[in-house]
Amino acid sequence: MTVETINPWTGAVEYRYEYFSDDQVEQRLAAGARAYPVWSALSFAERADLIRRAAGLLREHRERIAGIMTAEMGKLRREALAEIEKSAGACEFYAGQAETYMQDKHIATEASRSFVAYEPIGCVFAVMPWNFPIWQVFRFLAPGLMAGNVALLKHATNVPRCADAIAEILRLAGIPEGVFDVLHIDNQRAASVIADPRVHAITLTGSERAGKSVAGNAGANLKKCVMELGGSDPFVVLDDADLDKAIPVAIASRFGNGGQTCIAAKRFILTPGIAEEFVARFSAAAAALRSGDPNDDATTLAPMVRPDAREELQRQVDASIAAGAKLLVGGKKGAGPCEYPATLLDAVKPGMAAYSEELFGPVASIIRADDEDDAIRIANDTAFGLGASVWTRDKAHGESVARRIQAGAVFVNALVRSDVRLPFGGTKTSGFGRELAEHGIHEFMNIKTVYVD
């Protein structure tokens, strides 16, 4: 089957490629099986040297790779460059920390010696999304390879050259054949890869629907999996919040990456004493964002990824307005094939699409709470539980509010983001398992008990 990738800004066909045949998939599965015992037998120092080389090559090739990202999924060029740097940093972090994270943990028992050993599990099959096409891969790949695992990647169909660029970087770094391979395949063939006995674990970042499908296949085949799924993150603004700090972060969190981020702030929950000022300032800042060519440094709002994604977002906006939401800014498709303006909906209530559904594009839902307790109730009134932020001048109080919010991460007076030093993942329908930090490397380990009498 021939697949076309479309430039979100120009609408032009960027690239055509063919899905892999069964023989091509088999070759890569076999190569991974051959590579695993060799790769896992290397010392941490030997693996770290190669992973650090990959970090250097990411930086060396950053301009070219950023151009591919912008052409394939519409990311602002400066955001693409920052993503590549973050990915290089993840390689360096795990090159330095993996050995420490995988040290034996000695536990006192009646035995003469007992301990927990952390060992690689084998081949990890990754199903990754288009919205952060380099970072999403390296945040599983850097810890996985440093742990001694090997990996296969099924990337989103609209970012094939991003996938191939990652494979090229690892090849240039000297990573042995079969340690990492790309599979250009459809979902049906991905299910057969999950079932293959040479695959030992699965990681997915994507939609709730994709997560249910992949996790179901993994469960049916008794494979460990990590799911990082959608989110509708609350941005809770209390009466004493510092709006000089909160407003710029609200803009960055909601409208960065064209609003197409799982962990973006999507529901802005306001207590009465701050609501009017926040809405006025947030509206003005959102209206000032400029759509345009993502290669132009003057552009401050990226296009959406595909026309069908824009149509779905417009449906959600129109349905919410019809149900009583008040349109403050934006709300209508732009002239470009995937262009959509920064949009604010006020007076969002339960029963509206903007209240309960994930808005995967540059649309913010403003929800007015009766008081602080009501704001926390609204924050938790969602099927999702990925991230959240709380805004208050009282840091201790902000921490107490954070403990009451149901999410995998809560940031007080800061932009919610993934950080290689901290575990990342969600709860409820936002998924399960953790990436990054020590927790992320342990997800795909055999945690072995050794008892010596």
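See the structure above.
Numbering of residues starts from 1 in every chain and runs along the sequence as written. With pLDDT at 70 or above as the cut-off, local features in this predicted model cover only qualifying residues; side-chain atom pairs require 80 or more to be listed or tallied, and sums for whole chains, interfaces and linings still use all residues. Hydrogens and water are ignored here; the side-chain numbers use all heavy atoms of the structure.

## Describing the state of the cysteines
Disulfides are defined in this document as cysteine sulfur pairs within 2.5 Å. Going through the model one piece at a time under the given rule, you end up with 0 disulfides. Between Cys 162, a cysteine without a disulfide, and Cys 91, which holds the nearest cysteine sulfur, the sulfur-to-sulfur distance is 16 Å. The exposure class of Cys 162 is buried, given its relative accessible area of 1%. A disulfide-free cysteine, Cys 338 has its sulfur positioned 16 Å from the sulfur of Cys 162, the nearest such atom. With a 1.4 Å probe rolled over the protein chains alone, any residue whose accessible area is under 20% of its type maximum counts as buried; one over 50% counts as exposed, and the rest are partly exposed.

## As for the packing of aromatic side chains
Centres within 6.5 Å are what make two rings of Phe, Tyr or Trp a pair, Trp counting through its six-membered ring; a difference in plane orientation under 30 degrees is then read as stacked, over 60 as edge-to-face, and the rest as tilted. One pass over the structure, following the stated rule, counts 13 aromatic pairs. Ring centres 5.2 Å apart and planes at 90° place the aromatic pair Phe 93 and Tyr 94 in the edge-to-face group. Given the relative accessible area of 18%, Phe 93 is considered buried. Seen from their ring centres, Phe 235 and Trp 391 are 5.2 Å apart, and the 25° between their planes marks the pair as stacked. Placement of the pair is Phe 235 in strand S10 (residues 233–237) and Trp 391 in strand S15 (residues 387–391), with a sequence separation of 156 residues. Note on Phe 235: relative accessible area 1%, which makes it buried. A ring is scored as having a charge over it whenever the NZ atom of a lysine or the CZ atom of an arginine sits within 6 Å of its centre and within 35 degrees of its normal. For the cation-ring pair, Arg 47 lies above Phe 44, with the distance from its terminal atom to the ring centre recorded as 5.0 Å. Segments assigned H or I by DSSP are reported as helices when at least four residues long, segments assigned E as strands when at least two residues long, and all are numbered from the N terminus.

## A closer look at unusual backbone geometry
One non-glycine residue, Leu 222, lies in the positive phi region at around 55°. The residue Leu 222 is located in the loop between helix H8 (208–220) and strand S9 (224–228) in this model. With a relative accessible area of 79%, Leu 222 lands in the exposed category. Phi at Ala 347 takes a positive value of approximately 60°, unusual for a residue other than glycine. Checked against the element boundaries, Ala 347 lands in the loop between strand S13 (343–346) and helix H12 (353–356).

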